[in-house]
2 protein chains.
Amino acid sequence: MANRPIREDRLWADIEELATFTEPDRPWTRRAFSPLYVEGRELVKARMEAAGLAVRIDAGGNLIGRREGAKAALGALVVGSHTDTVPGGGRFDGIVGVAAGLEIARVLEERAIALDHAFEVYDCLAEEVSPYGLSCVGSRAVAGLLDEMMLARVDDEGETLRDGITRMGGDADGRASARRDDVACYLELHIEQGPVLESERLDVGIVTAIAGITRVMVEVEGRADHAGTTPMHLRADALVVAAEIVLAIRRLAEERTRTGRGHFVATVGEARVLPNAANVVPQFVSLLVDIRAEKRSDCDQFLVDLTGEVEGLASRCQGVAGRVQPVSDNAPAPSDPALLADLRRAADEIGLSRRDMASGAGHDMAWFSRIAPAAMVFVPCLAGRSHCAEEWSDKGQIARGADLLFETLLIADKRLSAKQGI
Amino acid sequence: MANRPIREDRLWADIEELATFTEPDRPWTRRAFSPLYVEGRELVKARMEAAGLAVRIDAGGNLIGRREGAKAALGALVVGSHTDTVPGGGRFDGIVGVAAGLEIARVLEERAIALDHAFEVYDCLAEEVSPYGLSCVGSRAVAGLLDEMMLARVDDEGETLRDGITRMGGDADGRASARRDDVACYLELHIEQGPVLESERLDVGIVTAIAGITRVMVEVEGRADHAGTTPMHLRADALVVAAEIVLAIRRLAEERTRTGRGHFVATVGEARVLPNAANVVPQFVSLLVDIRAEKRSDCDQFLVDLTGEVEGLASRCQGVAGRVQPVSDNAPAPSDPALLADLRRAADEIGLSRRDMASGAGHDMAWFSRIAPAAMVFVPCLAGRSHCAEEWSDKGQIARGADLLFETLLIADKRLSAKQGI
């Protein structure tokens, strides 16, 4: 990779310098809307300016650096991600994508590359769940999907998200101006946050879709009996039936992974037992099931199968009832097929090993995909760890991902320009 | 039963009157150490006195009514139980046993029955878990097993159990005087708190032992992974393994019930999941297992089997470890064989349908059994419900149980007197 334009040391230095803006007792924490976050963004702003970008903060609180293109009538090629972290989160999630955008801007500038399209780097406001309980605040604004109910949310101090956005330099009431209809394409580089690329020793993952996230609550109602006096055969133990359901969910998810048409996972992450007392047979158990499906049909089929299992397992135990209740439902966000083709071609040209994969996690790209052709690139991360202090990705891996974005932008610039015929 | 000396209306009236001493918003609640509890005991004291008993409160805070016997050198036949309730508990648990003692005292008095032994009714202090976190406070004192560490426990207001006992009319420092070595036998009438007698349509259960209560914590350690990005086959999901363990516990308990030598039940009543977040594969699950065994050997074998299952199930899932940790261990308290024979003979003489059974729940009898021949009688309760507002037992069922105690006392009085040869 010695001849590639992306300079990995320069890219890595930005990542390391951003990591110094952390709560000292809880590395690496830089939550959106905090003073540390604002300080980190000052660094990003300085780097944008040094790369020759014109910097602004839009009404949605996104920090944006822009380089004009040769043909003013064409839209912008955007590279984006975020610089906020979860509490106790890592140095790479989001940051890598913004740092890649900065490095690409530097390369464009130092090589005086004339793109037909404008080029922009987005540091999106608050991609992680913010103190107001909302994620992807900035990219929602870009998609025109930040609404009054969201803005009325408050943090622990009682400040509204509306006022928080103002503190970040945005203007919630003028947020219509943050909506873009001139994005020619959006690309995002991100660590995988999963173990697949590392275990398959691949350079990059080309993200075909952000999986839909559907959550349902499985509720099992049994009967509270004295744990000492009620013989085993006269019990209606909600936890025993819930345990069977946990195993059924595992089995159904494995089946769907094998037989479905894309990424599929299902997880029971939260369980609640009532009364949860040592000497009482459990009366009630709820299981929060998180389902991520690249294809909507896989999620639908899983829910049909799950409902059948829950009803069947409950009915086999007298005195127990089971039900599946909807909690939330976000559809998958597919990547743009033409942009995927650009990515594959670029990866092959520069010799990166690759695979297609879906993202099981949400990203800013899901919101940009509502208003523009969009896609993502994943790079491997150590043991799939993320949202923790141990989160790690290698300098060279990140640089290879940035290389792919750079090469793809050159390809997409030409393709989209030709398509517009301007 | 028309010719039996026990008068069910009189017995029932005491139960109903005691039920009026309840927190109005949370029937039926009369917790030990509360003003309501003291008021209820004033009624019990008045009823004891009306039945001709000499009343005192011992150093352990037990309310005791005594009738002298014909032979002063013999000890006392004791009928006891308690009048405190759990929060939101019922009108029968404990109360039935004290009311039976009162009715027996009245019958002895009105029929001028001369027993060789003294006869005593014990209203034991705080059988249920008290605000100080300790159960069976009074009966522990009778057994000489109330220690300094227990007395130093505090309630939510910071009062020590030591001071609480003083408020109840006892004297913790003088508690040695509450210890009895002159109890000829102890009998306790109680509702079953389980569904067996009702489902088998029997009048009484003759309690052969109070099951031992052994608690262990099963801990499953897996790996926290992102629930959206980690493929099913690369997970070390602690909840999935814990679910298999819950089902193994159920299966092992059912096997032991079939093949064991007495009452056996095992329950996972409490479960804890960490981090318990919708989008994180569970890293850690703990299961609190409550094991009640009439025979110590059944408990021991179950623990051997359980440990094998936990280790086996954990080892089958890479990245998961499982262990079984001891929490607490109380040995079974067997009833006195001679007293059991008296009970069976008495039941047959007065025509009560009966079965032997172990008590899965703890009772004051477990502590009296440390210092005297002891046994219990169960009467059926509605649907096995207990420790709840719906707890119910019929007037006639309770009266039949009291009848059995009365008849057994007459038999035991003669048998024990003859044995002593006084």
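Residues numbered from 1 in each chain as written. Chains lettered and ligands numbered in written order. Predicted model: local features only at pLDDT ≥ 70, side-chain atom pairs only at ≥ 80, totals over all residues. Heavy atoms only, no water.

Peer 1: Sorry if this is basic, but what is going on with the overall build of chain A here?
Peer 2: Check the secondary structure of chain A and you find 12 helices and 13 strands. Compactness check: chain A gives a C-alpha radius of gyration of 24 Å against a globular reference of 22 Å for 422 residues, within 12% of the reference. On the principal axes, the C-alpha backbone points of chain A span a range of 80 × 45 × 40 Å. Looking at the 422 residues of chain A, the share that counts as buried comes to 59%. Of the contacts formed within chain A by residues at least 6 apart in sequence, a portion of 79% connects residues at least 24 apart. Counting only carbon and sulfur atoms, one obtains 49% of the accessible surface of chain A, whose full area is about 15600 Å². Put simply, chain A has 49 plus and 66 minus side-chain charges, and the middle of one group is 3 Å from the middle of the other. (Helix = DSSP H or I, 4+ residues; strand = E, 2+ residues; numbered from the N terminus. Rg over C-alpha atoms; globule rule 2.2 N^0.38 Å. Buried < 20%, exposed > 50% of the residue type's maximum accessible area, 1.4 Å probe, protein only. Contact = heavy atoms within 4.5 Å. Areas by Shrake-Rupley, 256 points an atom, 1.4 Å probe, with all protein chains shown as cover. Lys, Arg positive; Asp, Glu negative; His and termini not counted. Charge placed at Lys NZ, Arg CZ, Asp CG, Glu CD.)

Peer 1: Any chance you could explain the confidence of the model for chain A here in plain terms?
Peer 2: Segments scoring low in pLDDT should not have their predicted coordinates read at a detailed level. Of the residues in chain A, 99% have a pLDDT of 70 or more, and the chain-wide mean is 95. Note on the complex model: pTM 0.85, ipTM 0.85. (pLDDT = per-residue confidence, 0-100.)

Peer 1: Even after reading the chapter, I still don't get the sheet that holds strand 10 (residues 321-330) of chain B, so can you show me in this structure?
Peer 2: In any sheet, the strands associate via hydrogen bonds between backbone groups, in a parallel or an antiparallel arrangement. Residues and elements named next belong to chain B. Taken together, the 4 strands give an open sheet; going across it, the order is 8-9-7-10, and neighbouring strands pair in antiparallel fashion. Strands with a single pairing partner mark the edges of an open sheet, and in this sheet they are strand 8 (264-274) and strand 10. Pairs of neighbouring strands in the sheet enclose a mean axial angle of 20°, with direction left out of account. Of the strand pairs in this sheet, strand 7 (residues 212-221) and strand 10 are connected by 9 bridges, and their pairing is antiparallel. Residue pairing across strands places Val218 opposite Val324, the latter belonging to strand 10. (Pairing = 2+ DSSP bridges. Axes fitted to C-alpha atoms, helices over the stretch in contact; angles between N-to-C directions.)

Peer 1: Help me understand the sheet that holds strand 9 (residues 284-293) of chain A in this model?
Peer 2: Residue and element names in this part refer to chain A. Taken together, 4 strands build an open sheet; the order of strands is 8-9-7-10 and the sheet is antiparallel. Looking at which strands have only one partner, the edges of the open sheet turn out to be strand 8 (264-274) and strand 10 (321-330). Averaged over all neighbouring strand pairs, the angle between strand axes comes to 20°, with direction disregarded. The sheet contact formed by strand 7 (residues 212-221) and strand 9 spans 10 bridges and is antiparallel.

Peer 1: Explain helix 2 (residues 35-50) of chain B here, please?
Peer 2: Helical periodicity: at 3.6 residues per turn, an α-helix aligns residues three or four positions apart in one direction. All names here are of chain B. Its 16 residues give helix 2 an end-to-end C-alpha distance of 23 Å, which sits within 8% of 22 Å, the value for a rise of 1.5 Å per residue. Those residues of helix 2 that fall on the buried side of the exposure criterion are Tyr37, Gly40, Arg41, Leu43, Val44 and Met48. Down the axis of helix 2, the smallest arc covering the buried residues is 150°, so these residues share one side. For helix 2, the exposed residues lying more than 90 degrees away from the buried face are Pro35 and Ala50. The secondary structure elements touched by the buried residues of helix 2 are helix 1 (8-19), strand 1 (54-57), strand 2 (63-67), helix 3 (95-110) and strand 4 (118-124). Residue Gly52 follows helix 2 closely and has a positive phi angle near 85°. (Expected span 1.5 Å × (residues − 1). Arc of directions from axis to C-beta.)

Peer 1: What is the right way to read the pattern of salt bridges from this model?
Peer 2: Two side chains carrying opposite charge are able to pair once their charged atoms lie near each other. Under the defined criterion, the tally for this structure stands at 80 salt bridges over all chains. In this structure, Arg251(A) and Glu309(A) form a salt bridge, with 2.7 Å as the shortest nitrogen-oxygen distance. You can see Arg251(A) sitting in helix 8 (residues 238-259) and its partner Glu309(A) sitting in helix 9 (residues 296-315), a full 58 residues away along the chain. Arg251(A) gets classed as partly exposed once you look at its relative accessible area, which sits at 36%. Residue Glu309(A) is classed as partly exposed on the basis of its relative accessible area of 22%. Between Arg10(B) and Glu103(B) there is a salt bridge whose closest N-O contact spans 2.9 Å. (Salt bridge = Lys/Arg side-chain N within 4 Å of Asp/Glu carboxyl O.)

Peer 1: Please clarify how the nonpolar core should be interpreted in this entry.
Peer 2: For soluble globular proteins, nonpolar side chains are generally found buried alongside one another. Of all hydrophobic cores here, the largest spans 74 residues; its most connected members are Ile245(A), Ile291(A), Phe302(A), Ile245(B), Leu287(B), Ile291(B) and Phe302(B). At 13 residues, helix 8 (residues 238-259) of chain B tops the list of elements feeding residues into this core. Not counting residues up to four positions away in its chain, the partners in contact with Leu287(B) are Val216(B), Met217(B), Val218(B), Ala242(B), Ile245(B), Val246(B), Val268(B), Glu270(B) and Ala271(B). (Core = buried A, V, L, I, M, F, W, Y, C linked by side-chain atoms within 4.5 Å.)

Peer 1: Any chance you could explain the packing of aromatic side chains here in plain terms?
Peer 2: Where two aromatic rings form a pair, the distance of their centres and the angle of their planes describe that pair. For the coordinates displayed, the defined rule picks out 14 aromatic pairs over all chains. For the pair Tyr186(A) and Phe368(A), a centre-to-centre distance of 3.9 Å together with 10° between the ring planes defines the contact as stacked. One end of the pair, Tyr186(A), is in strand 5 (residues 183-191); the other, Phe368(A), is in helix 11 (residues 364-368), and 182 residues separate them in sequence. Here Tyr186(A) matches Phe368(A) in class, with each residue buried. Consider the rings of Tyr122(B) and Phe368(B), whose centres lie 5.3 Å apart with planes at 85°: the pair is edge-to-face. You can see Tyr122(B) sitting in strand 4 and its partner Phe368(B) sitting in helix 11 (residues 364-368), a full 246 residues away along the chain. Each member of the pair Tyr122(B) and Phe368(B) is classed as buried. Aromatic rings pair up to connect Trp12(A), Phe92(A) and Trp392(A) into one cluster. Over the ring of Trp28(A) we find Arg91(A); its NZ or CZ atom is 3.6 Å from the centre of that ring. (Phe/Tyr/Trp six-rings, centres within 6.5 Å; stacked < 30°, edge-to-face > 60°. Lys NZ or Arg CZ within 6 Å of the ring centre and 35° of its normal.)

Peer 1: Could you clarify how one ought to interpret the packing of helix 2 of chain B against helix 3 of chain B in this entry?
Peer 2: Helix-helix packing is characterised by the crossing angle of the two axes and by the distance between the axes. Residues and elements named next belong to chain B. For the pair helix 2 and helix 3, the least separation of the axes is 9 Å and the interaxial angle reads 20°. By the angle between their axes, helix 2 is roughly parallel relative to helix 3. The way helix 2 lies across helix 3 gives a crossing that is left-handed. Only Val98, Leu102 and Arg106 of helix 3 make contact with helix 2, whose side of the interface consists of Val44, Arg47 and Met48. A breakdown of the residues in the contact of helix 2 with helix 3 according to their chemical character gives 4 nonpolar, no polar and 2 charged. (Parallel < 35°, antiparallel > 145°, perpendicular 65-115°, else oblique. Left-handed = near helix turned anticlockwise from the far one by under 90°. Nonpolar A, V, L, I, M, F, W, Y, C, P; charged D, E, K, R; others polar.)

Peer 1: I tried to follow the relation of the copies chain A and chain B on my own but got confused; where do I start?
Peer 2: Two copies of one chain are present, and they are related through a rotation about an axis combined with an axial shift. Note on the copies: chain A fits chain B at an RMSD of 0.1 Å, the axial shift is 0.0 Å, and the rotation between them is 180°. When the rotation and shift are considered jointly, the pair of chain copies conforms to a two-fold rotation axis. Closest to the rotation axis within chain A is the C-alpha of Ala243(A), separated from it by 2.2 Å. When you check the interface residues of chain A against chain B, 100% turn up at the interface there too, and the contact is symmetric in its surfaces. (Least-squares fit on C-alpha atoms with pLDDT ≥ 70 in both.)

Peer 1: When you look at the interface of chain A and chain B in this model, what are you seeing that I'm missing?
Peer 2: Bring the parts together and some accessible area is lost; that lost area is often taken as the interface size. Opposite the 51 residues of chain A that make contact, chain B presents 51 residues. Note on chain A versus chain B: buried area summed over both sides is about 4200 Å², and carbon and sulfur give 63% of it. The largest per-residue losses of area from chain A upon contact with chain B belong to Met232(A), Arg250(A) and Ala278(A), which jointly make up 17% of the total buried on that side. Taken together, the links from chain A to chain B amount to 0 salt bridges. (Buried area = accessible area lost by both parts, 1.4 Å probe.)

Peer 1: Looking at this structure, how should I read the side chain of Glu128(A)?
Peer 2: Residues and elements named next belong to chain A. Tracing the sequence through the fold places Glu128 in the loop between strand 4 (118-124) and helix 4 (137-142). Buried within the structure, Glu128 lacks any salt-bridge partner; its nearest side chain of opposite charge belongs to Arg31, at an N-O separation of 8.5 Å. Apart from the residues lying within four places of it in its own chain, the contact partners of Glu128 are His82, Asp84, Thr85, Val86, Asp93, Leu134, Ser135, Cys136 and His387.

Peer 1: Help me understand the environment of Val44(A), please; the structure alone is not making it clear to me.
Peer 2: Residue and element names in this part refer to chain A. By secondary structure assignment, the location of Val44 is in helix 2 (residues 35-50). Along the backbone, Val44 and Leu63 are 19 residues apart, and their C-alpha atoms lie at a distance of 8.5 Å. Ignoring anything within four residues of it in the chain, the contact list for Val44 reads Leu18, Leu63, Thr83, Val98, Leu102 and Asp123.

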